[in-house]
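# Structural overview for review
Letter by letter, the chains look like this.
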Amino acid sequence: MEINKPKEALFSKKNRKLLKDPMNINNPITVQVLGICSALAITVKLKPAIVMSLSVIVVMALANVITSLMRNMIPNRIRIIVQLVVVATLVILVDQVLKAFVYDVSKQLSVFVGLIITNCIIMGRIEAFSLGNTPWKSFLDGIGNGASYGLILIVVSFFRELLGNGTLYDYPVVEKLGLYDLGYHNNGMMLLPPMALIVVALIIWWQRSKTPSLIEKD
Amino acid sequence: MKFLQNIFDSARPVVTTGKLKPLYPLYNALETMLFVPDHNAKSGAHVRDAIDLKRTMITVIFALIPALIFGMFNAGYQHYRALGLLNDAIGWLQFFTLDNFLFGAIKVIPMIAVTYIAGLGIEIYFAYRNSHAVNEGFLVSGLLIPMTMPIDMPLWMVAISTIFAVLIGKEVFGGTGMNILNPALTARAFAFFAYPSFMSGDKVWINTTTGQGEALVDGFSGATALGQYATTGGTTYSAWDAFLGIIPGSIGETSTLLILLGGIYLIATGIGSWKIMLSSLFGAIAISLIFNLVAPNMISPEQQGFLSIPFYFHLVFGSWAFSTVFMATDPVSASHTEKGKWIYGFFIGFLGIMIRVFNPAYPEGMMLAILFMNVMAPLIDHYVVEGNVKKRLKRLKLSTK
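Residues numbered from 1 in each chain as written. Chains lettered and ligands numbered in written order. Predicted model: local features only at pLDDT ≥ 70, side-chain atom pairs only at ≥ 80, totals over all residues.

## Focus: the overall build of chain A
Stated formally: Only DSSP runs of H or I with at least four residues qualify as helices, and only runs of E with at least two residues qualify as strands; both kinds are numbered from the N terminus onward. Exposure in this text rests on C-beta crowding, where 20 or more other C-beta atoms within 10 Å of a residue's own make it buried, 12 or fewer make it exposed, and counts in between make it partly exposed. The C-beta atoms are placed from the backbone.
Counting secondary structure elements, chain A contains ten helices and zero strands. Helices and strands appear in chain A in the N-to-C order α-α-α-α-α-α-α-α-α-α. Across its three principal directions, the C-alpha atoms of chain A cover 75 × 45 × 30 Å. Scored against the burial criterion, the 218 residues of chain A give a buried share of 34%.

Right, dumping it as C-alpha cells:
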C-alpha cells in the first residue's frame, strides 16, 4: 500500500544525486552544452557573472517548483506556453529586483537578464525533470543545475577578468602585484567572446580527462 | 658526421630501454633530423619517394632563410635610419653592414629561440604523452612565427602566442597534419588581438630605443606603407623600395624580391603549390582592378587614394607576398583538391586585399583572409569532390546507354 511506504528522507542518496550530478557528470554547460550564449556574453567580468548565476539559480529553482506543482494540471498540448509564462514571470521579477538593488550590474547585464527566459537549461530542466517529479526533487534539481551553470560561469569569468583586465571583482590584482612594472600586459583577446568559448572548451577538456566515463567510445 | 653518429649510437640503449626512456621522442626527432632514417616499410605497396616530411620542412626553411637574413639587416637599417645615423643620399651602400645585421640578429635570434623552445616544448610533451614521435610540423611554424612579428615584440608575448597556437590551433585537433588553421597565423592572430598595441599602429615596426644616449627626434612615426594608406591615402615609400624590402614591417615580410626567390625555389622543388600562389595573384589583381574602377565614387579622399592605387602596389606592400608564398601554401590547412586550390588561392588574394583596404583597423587583411579560407577549405574540397562524382556518374550513364 501507498501509505505504508516509508517516507523518503529530505536528503536521501537519490536527492543528493540530483544536486551533485549536474556539478560534474551531467553539467549543463560542459556536458550537455546548453546555455552557451550567456556564458559567452556576460563572463567578461566576475561581478556580472555572479549576479547572473544567482538570477539563474533563483529562476530555475522557482520555475521548477511551480511547474512541478502544476504538472498534473497542465494539458500536454500547451505545456510549453505554460512553462514560458512561468519562467517569464520569474525573470521579470528578478529583473525588477536587480534594477532596484544593483542598478549598475543590471545595466551591464542589459538584455541578458531578459534572455534568461530563453536559456535552454531552464526550459530543458522543466521539460525533462520537473514535469514528472515532485516539487522538492524539482527544487533540488533546479538548484543543482543552476549552481553548476553558475560555477562554470564564475570559473570562466575569473580567468577572463584576471587575464584580460588584470582585476578580480574590480580589485586591481595585477597592479597591486606590480606585474605591470615588470612589463606585463593584459591579454586583450580574453575580453573577446571567442576566448570564452576556448576557456569553456579547456574546462571540458580538463573535465573529460578527469572523468573517463564522459569520453565517448568510437 | 661520424662523430655525431657515434654520439647517437652510444645514446641509443639509454633512451630506448634505459633510464632516459622519457626522452626518446626528443632523441628520435634529433636523430631523424640529422640522419636519413633507415627504417622502411616491410610489406604492402608503398609510394617510394626520397622526400619525407622532414626533407619537405627543411626545404621550406631554406626558402625562408634569405628573407629572414634580410629581415635582420632591415631591422638594423630601419633602427639606425630612424636615429638619424645614416646618410640617406647613399642609401643602399649602408644597408648590408655588420652593424645592421648584428642589431637585427640580437633582436631576432632570441625570438626564434623562444618560439622553438615554447613550441617544441608543447610538441614534445604531447609526443611523450601520446607516445608517438615528435612531428616535424613545428620546424617551419617555429621560424614563420617570429618572421610575422614586429621587431620589438616582447619575448614572453611571442612565447604565449606560440603556446596558444600549438596547443589550441594544433594539438587539440590531433597534432601535425590534423590542424584546421595554419599554426603560424594562429599565433599571429592571437598576438594581434591579445596585444594590439604591440602588433599594429605606427610605433612598433622600427626599434627606436637609443643606444648610447643619442636622442631621438620626438614623435618619430614609423608607419608601414599600408598604415599610411589607411590614414592618409598615400605613402612615402616607393614601390621599388618595397619590392626590395627596405621599408618598415614585420621581420620577414618586407622583401618581396627574396620572398619571390623563396617562392620559385618552393615551386621548383615541388613543395609549394604554384596553383595557390598564382590564383592568389589573380585574386589580388582582380580586386585591385575593381577598386580602381569604383575609386572615384568614394567620398573620403583617404579611401579614394587607397582604392585607386595600382595593383602592383598591393603586391609589394604589406604581407601579400609572404602570406601567399609561405602561409597560403601550407599543405595541411590549404585545399587538397587541385581545382579547390585555384578557388582557395583566388579568394585569399581577393579577400586579403579587400580587408586591407576597407578596414583600416586591420591593415593586415592577408592574415585574416588566410585563416578564413583555411576554415572554408574543407567546404571547397567537398564541393569539388561532389562535382567530380556527379560528372563521372553522368559519363557512366552516357556510356551505358
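## Some words on the overall build of chain B
Condition: Contact between residues is assigned whenever the C-beta positions, reconstructed from backbone atoms, fall within 7 Å.
Looking only at helices and strands, chain B has 17 helices and zero strands in total. With 401 residues in all, chain B has 44% of them scored as buried. Across chain B, every contact between residues at least 6 apart in sequence was considered, and the portion connecting residues at least 24 apart equals 73%.

## Overview of the nonpolar core
Filter applied, for reference: For this analysis, nonpolar core means a set of buried Ala, Val, Leu, Ile, Met, Phe, Trp, Tyr and Cys residues linked through C-beta atoms within 7 Å.
With 136 residues, the main nonpolar core has A:Val59, A:Ala63, B:Ala191, B:Tyr344 and B:Ile370 as its most contacted residues. With 13 residues, the top contributor of residues to this core is helix 3 (residues 53-82) of chain B. In contact with A:Val59, other than residues within four places in its own chain, are A:Val87, A:Leu90, A:Val91, A:Val94, A:Ile116 and A:Ile122.

## As for the environment of B:Leu185
Note that B:Leu185 resides in helix 7 (residues 183-194). In the structure, B:Leu185 is positioned 19 residues away from B:Val166 in sequence and 11 Å away in space, judged by C-alpha atoms.

## A word on the confidence of the model for chain B
Put simply, the rule is: Scored from 0 to 100, pLDDT reflects the predictor's confidence in each residue.
On average, residues of chain B carry a pLDDT of 83, and 89% of them reach 70 or more. Among the prediction metrics, the complex's ipTM stands at 0.83, with pTM recorded as 0.85.

## Things to note about helix 6 (residues 155-170) of chain B
Just so we agree on the cut-off: To estimate how far a helix should extend, the number of its residues minus one is multiplied by 1.5 Å.
An ideal rise of 1.5 Å per residue puts 22 Å on 16 residues; helix 6 of chain B measures up with 21 Å between its terminal C-alpha atoms. Tucked inside the fold, the buried residues of helix 6 of chain B contact helix 4 (98-129), helix 5 (138-147), helix 7 and helix 8 (196-199) of chain B.

## Quick notes on the interface of chain B and chain A
Filter applied, for reference: Amino acids are sorted into nonpolar (Ala, Val, Leu, Ile, Met, Phe, Trp, Tyr, Cys and Pro), charged (Asp, Glu, Lys and Arg) and polar (every other residue, Gly among them).
Listed per partner, the contact involves seven residues of chain B and seven residues of chain A. The residue inventory of the side of chain B that touches chain A, partitioned by class, reads seven nonpolar, no polar and no charged.

## Remarks on the packing of helix 3 of chain B against helix 11 (residues 256-269) of chain B
All names here are of chain B. The test is simple: Every axis corresponds to a line fitted to the C-alpha atoms, with the helix fit spanning only the stretch in contact, and the corresponding angles, defined between N-to-C directions, vary from 0 to 180 degrees. Any angle from 65 to 115 degrees is called roughly perpendicular, while one under 35 is roughly parallel, one over 145 is roughly antiparallel, and all others are oblique.
At their nearest, the axes of helix 3 and helix 11 sit 9 Å apart, and the two run at 170° to each other. When the axis of helix 3 is compared with that of helix 11, the two are roughly antiparallel. Listed contacts from helix 11 to Thr59, Val60, Phe62, Ala63, Leu64, Pro66, Ala67 and Phe70 of helix 3 are Leu258, Ile259, Leu261, Gly262, Tyr265, Leu266 and Thr269. Its residues assigned to classes, the contact of helix 3 with helix 11 comprises twelve nonpolar, three polar and no charged.

## Details of unusual backbone geometry
Residue and element names in this part refer to chain A. For Tyr169, which is not a glycine, the phi torsion comes out positive at approximately 50°. By the element assignment, Tyr169 lies in the loop between helix 8 (135-165) and helix 9 (173-177). Positive phi, normally seen in glycine, also occurs at Asp170, with a value near 65°. Judged by the 10 C-beta atoms lying within 10 Å of it, Asp170 falls in the exposed class.

## Notes on the packing of helix 4 of chain B against helix 5 of chain B
Residue and element names in this part refer to chain B. Operational definition: Here a crossing is called left-handed whenever its near helix is offset anticlockwise from the far helix by less than a right angle, and right-handed whenever the offset is clockwise.
In contact at an axis separation of 9 Å, helix 4 and helix 5 are set at 140° when each is read in the N-to-C sense. In this structure, helix 4 crosses over helix 5, and the sense of that crossing is right-handed. Side by side, helix 4 and helix 5 meet where Val108, Met111, Ile112, Thr115, Tyr116, Gly119, Leu120 and Glu123 of the first sit next to Phe138, Ser141, Gly142, Leu143, Ile145 and Pro146 of the second. A per-class count over the contact of helix 4 with helix 5 returns nine nonpolar, four polar and one charged.

## Structural notes on the environment of B:Ile106
All names here are of chain B. By the element assignment, Ile106 lies in helix 4. For Ile106, a count of 12 C-beta atoms within 10 Å gives the class exposed. Through-space distance from the C-alpha of Ile106 to that of Met72 is 8.7 Å; in sequence the pair is 34 residues apart.

## Comments concerning the environment of B:Pro13
Turning to its location among the elements, B:Pro13 is positioned in helix 1 (residues 2-16). Overall, B:Pro13 belongs to the exposed group, with 10 C-beta atoms counted inside 10 Å.

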